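If you want the building blocks of each chain, they are given just below.
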Amino acid sequence: MTVDDRFVRDFRETQEEQLGTPTEIITGPVSDWATDFSHLEPEWAADPYPILDDLRVRCPIAHTDRFGGGWLPTRYEDIAAVAYDTERFSSRAIIMGNYRPPKELAPVGAVPPISSDPPFHHDARKLLLPAFTKKEVAKREEATRAFCHSLIDSLEGLEVVDAARDYAQHIPMRVIADMMGFPPEDGPRFRQFVENALEGVNLPLEERMAHSAELFDYLLEQIRDHVANPRDDLTTYLIDAELHGRKLEPSHVAGTLALLLIAGIDTTWSAIGASLWHLAKTPADRERLVAEPELLPTAIEEFLRAYAPVTMARLVKQDMHWRGVDMKAEDWVLLSFPAANRDPAQFDRADEVIIDREINRHVAFGLGIHRCVGSHLARMELRVALEVWLERVPVFSLADPSAVKWAVGQVRGPRTLPLRIG
Ligand code: HEM
């Protein structure tokens, strides 16, 4: 069987399986966040923190009938308990929407290792670790810095720029394209894939299938090219990798590539954008970081805590009474690391951004077996992006606060961020 036969057949079969059973699509304004929450509504995208703070006091584990039923814990201790409990909460699907993939997809899931449960998860994750060590990441710092400088060069002479579109998004796109050996000029396509995967979750089944087919067709093109021309990158590594004495299933290779493409871009783009947004509206913090650049690593941890971009989901494995609520098998649990990071029971002055905060055990990168594989890479990109920006553009402010637009869905960051730099 040719590579094409193997991959195409396996992709088509798993794509159809993955979407599973649809539930009723309910949209529109939320009546009460305690009983009808939705992370896809504009009010949530604009500012979820007052909603989360209110729920933490009033109804710490909120519920919704949307998406076929789901829960939203808002206290740190409950979020941590779910993240550590892989016996009762499955990662078979991690994007809360109107389709649940069939149970047979466990323990691998569509995009291993983030969609995998034990025991498979351990080995799928282990495959990725060598590419993301601190040492490997450090090798990419120089090229990342040069790329950030080239982006700032292209802003020269402008008074107002969109820091999300013209700066933040390009940095992780370039880094991940280099690591995977994908053409760097495909950035606009990556953006589309990210939006489809994370923001288009309330679309009808046919549209979602069409989106997923576009992504997998693109990945297939890249895989074909790498089979014909093997090289020293993550794609060739995954095509050649073995698990338990056998090559990876084609759907595993493609699923992991899809995961890295999405997880590698949207998250860091959001974190860079949110940090610049904070500095643009807080001159005292901006001036202090320009004067004391050595404070940047500490400030970055605080930006990650205060504006944690990533929320993941789980599926409840069986009916159970859990911490005061009656969960049903197949209910979603939205695992809000942003809510955990703002819990006053865990952090002093949780709602304030303190750029020299000394003790900061935030959970922006998650907790437990799925903790982020790319955290060293993300931290390097974030540090270099902010270092270069502050060195080259030390004075900047929000050009129009009402024009700032945040992404809806489970990865939150500014998608439009007009800054006055001239
Ligand atoms: C600021 C940027 C980032 C944040 C805040 C972030 C956050 C997270 C979080 C919260 C999880 C846990 C998910 C869960 O429990 O279900 C996770 C997992 C993961 N992240 Fe990141 N991430 C970032 C950047 C990256 C980058 C740059 C990459 C790689 C290119 C990456 C790759 C992954 C992978 C592969 C997993 C799955 C790990 C597993 O299931 O064992 N992330 N990330």
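Residues numbered from 1 in each chain as written. Predicted model: local features only at pLDDT ≥ 70, side-chain atom pairs only at ≥ 80, totals over all residues.

Engineer: Explain the site of the ligand to me, please; I cannot follow it from the model alone.
Structural biologist: Gly264, Thr267, Gly366, Cys372 and Gly374 are the nearest of the 28 residues found near the ligand. For the shell around the ligand, the secondary-structure elements that each account for two or more residues are helix H6 (120-128), helix H14 (250-281) and helix H18 (375-392). For the shell around the ligand, the per-class residue count stands at 20 nonpolar, seven polar and one charged. (Near = placed C-beta within 6 Å. Helix = DSSP H or I, 4+ residues; strand = E, 2+ residues; numbered from the N terminus. Nonpolar A, V, L, I, M, F, W, Y, C, P; charged D, E, K, R; others polar.)

Engineer: I'm lost on the packing of helix H16 (residues 296-306) against H18 in this one. Help?
Structural biologist: The angle between the axes and the distance between the axes are what describe a pair of packed helices. Across the interface, H16 lies against H18 with an axial gap of 10 Å and an inter-helix angle of 115°. You can see that H16 and H18 cross each other, and the crossing is right-handed. Between H16 and H18, the residues in contact are Leu296, Pro297 and Ile300 and Arg379, Leu382, Arg383, Leu386 and Glu387, respectively. For the contact of H16 with H18, the class distribution of residues is five nonpolar, no polar and three charged. (Axes fitted to C-alpha atoms, helices over the stretch in contact; angles between N-to-C directions. Left-handed = near helix turned anticlockwise from the far one by under 90°. Contact = placed C-beta atoms within 7 Å.)

Engineer: Got a minute to help me understand the sheet that holds strand E6 (residues 160-162) in this structure?
Structural biologist: Hydrogen bonds between backbone atoms are what pair the strands of a sheet, whose relative direction is either parallel or antiparallel. Within the open sheet, the three strands sit side by side as E6-E16-E13. Their pairing is antiparallel. In this open sheet, the two strands that pair with only one neighbour each are E6 and strand E13 (397-398). Sheet topology note: the E13/strand E16 (residues 418-420) ladder contains two bridges and is antiparallel. Bridge pairing links Ser397 to Arg420 in E16. (Pairing = 2+ DSSP bridges.)

Engineer: Got a minute to help me understand H18 in this structure?
Structural biologist: Between its first and last C-alpha atoms H18 spans 26 Å; for 18 residues at 1.5 Å apiece the expected length is 26 Å, and the two agree. Among the residues of H18, those classed as buried are Leu377, Ala378, Met380, Glu381, Leu382, Val384, Ala385, Leu386, Val388 and Trp389. Where H18 is buried, its residues touch helix H7 (134-138), helix H8 (141-153), helix H9 (163-168), helix H10 (170-180), H14 and H16. (Expected span 1.5 Å × (residues − 1). Buried ≥ 20, exposed ≤ 12 C-beta atoms within 10 Å, placed from the backbone.)

Engineer: Honestly, unusual backbone geometry in this entry has me stumped. Any pointers?
Structural biologist: What you tend to see is this: most non-glycine residues have negative phi, and most peptide bonds are trans. The peptide bond linking Pro112 to Pro113 adopts the cis configuration, its omega dihedral lying at 5°. Structurally, the position occupied by Pro113 is in the loop between strand E5 (99-100) and H6. Of the consecutive residues Pro118 and Pro119, the connecting peptide bond is found in the cis state with omega at 0°. In this structure, Pro119 sits in the loop between E5 and H6. A positive phi angle, near 55°, is found at Phe67, a position not held by glycine. As for its position among the elements, Phe67 is in the loop between strand E2 (61-64) and strand E3 (70-73).

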